[in-house]
Each structure stands twice: as C-alpha cells, then as structure tokens.
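Per-entry structural report
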Amino acid sequence: MTASSLHQHSFVFDAHCDTLGAALPGPGQRDLRHRGSKGHLDVPRLQAGGINCQIFAAFPGKARLQASPTAAVLERVHVLHDLIALAPEDICLIQTAADLAALRCDGPIGAILSLEGVEALVGRMSLLHIFHRLGVRNIGLTWNHRNAAADGVQVGSQAGLTAFGRELVATCNQIGIMLDLSHLNPAGVADVLALSHKPVIASHSNADALCPHPRNLTDDQLRGVAANGGVVGVTFVREFISPDPAAATLERMIDHIDHIVQVAGIDHVGIGSDFDGCNPIPELSNGEHYPRISEGLSRRGYTPAHIQQILGENFRRVFLQTLPTT
Ligand SMILES: [Zn+2]
C-alpha cells in the first residue's frame, strides 16, 4: 500500500487549530463550508487532507484582555455550532465516546470543541458546566499568560495551579473533559500530571531537546505524559521545530516525532497542526498537505501500524478513555 493510500484509509486526528477565529463575522470572514484562498483549514481542505477528527480551539485572542472574554469565546463556539447546523453531512460534534467510536473515514468529520485558556470561565465553576453543555470536551488551562487557574509559559513564574485550577482538573476528570498542557508553565504541567486520574494531552507542543523553547516539552515532561497515558501532538509551528525558523521543514518536524517516540514511546505521539494560528512549515502550508506526513513517516521506515498510531489512533484512544460514555 502506498503512503497516500494508507493515509486515506487511516483515522487522522488533528489536536489543534485556531480556525474558528477566522470565521467570525467581520472583515475577512471565511465561510468554512467552502474552500478559501486564505488561511489553512475549512471543510474541503479537511476532507482533502483526509482528516477525520479535528479539535477546534475557541481562543479569545486579544479579547481575553477585554471586559468579556466569555462573550468572545461564546462567539467562537457559535461559529462551530453554526457550521455543523449548515453542513451536517460534512461535520458533526463529538461529545461522547460513542460519538467518537462511530466516526468513519468516509463519514462526516468529527469536531471536538476546545477552550484555549480558561479566561472565559472568569473563575466560576458554574461556567465550566455551561461550556460542557455547549459541547466543550478539551481545555487548555492557559494560553501564555496568567489566569484564574494557572500561569502560562510566558509568565516565567514557579507557581503551580491555583485552588480554582485544582478544582478544574478534578471536575474535568469527572465530567469527561480532556485536559491540555500546551502553553502551561512547568509547575502547572507537574501539578496536572500529579492530579489527573485520566490521560491528558499536550495538543500542540514539540520536543525541547531538539528546539529549546518554553512552549516545547522537556524529556522529563514527555516521560511524565507517557506515564500518565497521554499523548503529545507534534505541531507545525516553525518556531517550535527549529531554533532557526527558516530551517523548519517537514523532515525537521518528523525529527520531533522520532524524538518523542524514543523518549515517551510510540503510544504517546500524535499531530496538532496549529493551522490558522501559526505560520506553518512550507510543506504543510494548509490542510490539503496532510498526507505528506504519512509519506515522510513511511520514508523513515515507520510501519503502517505505527504511522496510524501517530496519525490518529493514539489521540482516539485517549479521548475514548476520557469522554463521557454517552
Ligand atoms: Zn496555542
């Protein structure tokens, strides 16, 4: 079987994109039902890339600094609900393990709704339950800054989770929301790994050993995620692939996959593009190019079974363990 045919017959899971922000009303708004000439992802490009399940982050952006980050995030949640209502044959919301288990390679794309930072909760657990009812099933505790739960990597503090952050971990475990370590500071990562009874993910982070960057994970952190049963999504962000972003290529990205396989094991690596939230590497400049990952892994000698784990089976496993059963 060729690599591209293997790709088309595999379950492909992308653990992070910022595409919802591009579809907000206003100048430059993209209709995600149609192939755009700008940006990286929409339904046709997800289909062309063979992506079967996509996590869509509701990232408040600069609105996190404004009066209502909650409104900014709700607007992004609405973008996804609206898209699903308009194109139910093409895309569906994944809220339970049963929904995920039912996804087929030739059926609609599964969408998992995510919060990137918990600014929208304004420190209130009641809002977590409301977002859960709206379908949120993955939560990155922070973006790069401090919020009510924890400190992001840019704060530069040694502080771990706040009391609210610890309660958030327990509640997410209980109600079936995946916890996401990307952007969280090292003390926060250690706290989540110690507290969570469920597997956790780092949706879009690479290996610090190959590219030292606060957004990447050290070998100890990679081993911690493996011990927790979780998965790290290798990302296409040039700055997280190579200290010289101009030298970031598909081959250098696959070096990160190799490294995480060696340090954490084949069960603990996946893909998290950060499409529409970054300047990706040239070979992966939009979702249509996704099969190039399978070609690259195949050239390096990965077996079809291992390629399928990296493409999506590892993320499928941890979400099946974490999502509510029904
Ligand atoms: Zn991010």
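First, a word on what this report is: a plain description of the structure on this page. (Residues numbered from 1 in each chain as written. Predicted model: local features only at pLDDT ≥ 70, side-chain atom pairs only at ≥ 80, totals over all residues.)

**Description of the overall build of the chain**
Helices and strands together make up the secondary structure of the chain, namely twelve helices and nine strands. Taken along the three principal axes of its C-alpha coordinates, the chain extends 50 × 45 × 40 Å. Looking at the chain as a whole, 52% of its 326 residues are labelled buried. Contacts in the chain between residues at least 24 apart in sequence constitute 72% of all its contacts with a sequence separation of at least 6. (Helix = DSSP H or I, 4+ residues; strand = E, 2+ residues; numbered from the N terminus. Buried ≥ 20, exposed ≤ 12 C-beta atoms within 10 Å, placed from the backbone. Contact = placed C-beta atoms within 7 Å.)

**Overview of the pairing of strand E2 (residues 53-58)**
Burial analysis of E2 places six of its six residues in the buried class, the great majority of the element. Neither face of E2 is open: one carries Cys53, Ile55 and Ala57, the other Gln54, Phe56 and Ala58, and all of them are buried. As defined by bridge partners, strand E1 (residues 13-17) adjoins E2 across three bridges and the pair is classed as parallel. Residue pairing for E2: phenylalanine 13 is matched across the bridge by cysteine 53. At this point the chain moves from E1, through helix H2 (residues 43-48), to the parallel E2, and the crossover so formed is right-handed. (Pairing = 2+ DSSP bridges. Right-handed = clockwise from strand over helix to strand, strands pointing away.)

**Let's talk about the nonpolar core**
Ranked by internal contacts, the top residues of the largest apolar core, which has 91 residues, are Ala111, Val232 and Ile260. Considering each element in turn, this core owes the most residues, six residues, to helix H12 (residues 304-322). If sequence neighbours within four positions are ignored, valine 232 has contacts with Ala202, Ser205, Leu217, Leu222, Val225, Ile260, Ala264, His268 and Val269. (Core = buried A, V, L, I, M, F, W, Y, C linked by C-beta atoms within 7 Å.)

**Considerations on unusual backbone geometry**
Even without glycine at this site, valine 122 takes up a positive phi of about 40 degrees. Structurally, the position occupied by valine 122 is in the loop between strand E4 (109-116) and helix H5 (125-133). What makes valine 122 exposed here is the crowd of 12 C-beta atoms within 10 Å. Backbone geometry places aspartate 276, a non-glycine residue, at a positive phi of 65 degrees.

**As for the packing of H5 against helix H6 (residues 163-175)**
The angle between the axes and the distance between the axes are what describe a pair of packed helices. At a minimum axis distance of 11 Å, the contact between H5 and H6 shows a crossing angle of 30 degrees. With respect to H6, the element H5 is oriented roughly parallel. In terms of crossing hand, the pair formed by H5 and H6 is right-handed. On the side of H5, the interface is formed by Met125, Leu128 and His132, while H6 contributes Glu167, Leu168, Thr171 and Ile175. Taken together, the residues of the contact of H5 with H6 sort by class into four nonpolar, two polar and one charged. (Axes fitted to C-alpha atoms, helices over the stretch in contact; angles between N-to-C directions. Parallel < 35°, antiparallel > 145°, perpendicular 65-115°, else oblique. Left-handed = near helix turned anticlockwise from the far one by under 90°. Nonpolar A, V, L, I, M, F, W, Y, C, P; charged D, E, K, R; others polar.)

**Focus on the environment of serine 196**
Within the secondary structure, serine 196 is located in the loop between helix H7 (186-195) and strand E7 (201-202). Here serine 196 falls in the buried class, since 20 other C-beta atoms lie within 10 Å of it. For the pair formed by serine 196 and glutamate 116, sequence separation is 80 residues and the distance between their alpha carbons is 18 Å. Filtering out sequence-adjacent residues up to four positions away, serine 196 remains in contact with Val169, Asn173, Leu179 and Asn228.

**Focus: the pairing of E4**
When you tally the buried positions in E4, you get eight out of eight residues, the bulk of the element. Direction of pairing for E2 relative to E4: parallel, over a ladder of six bridges. Residue pairing across strands places cysteine 53 opposite glycine 110, the latter belonging to E4. Pairing of strand E3 (residues 91-93) with E4 involves three bridges; the strand directions are parallel. Each residue of the ladder has a partner; that of cysteine 92, found in E4, is glycine 110.

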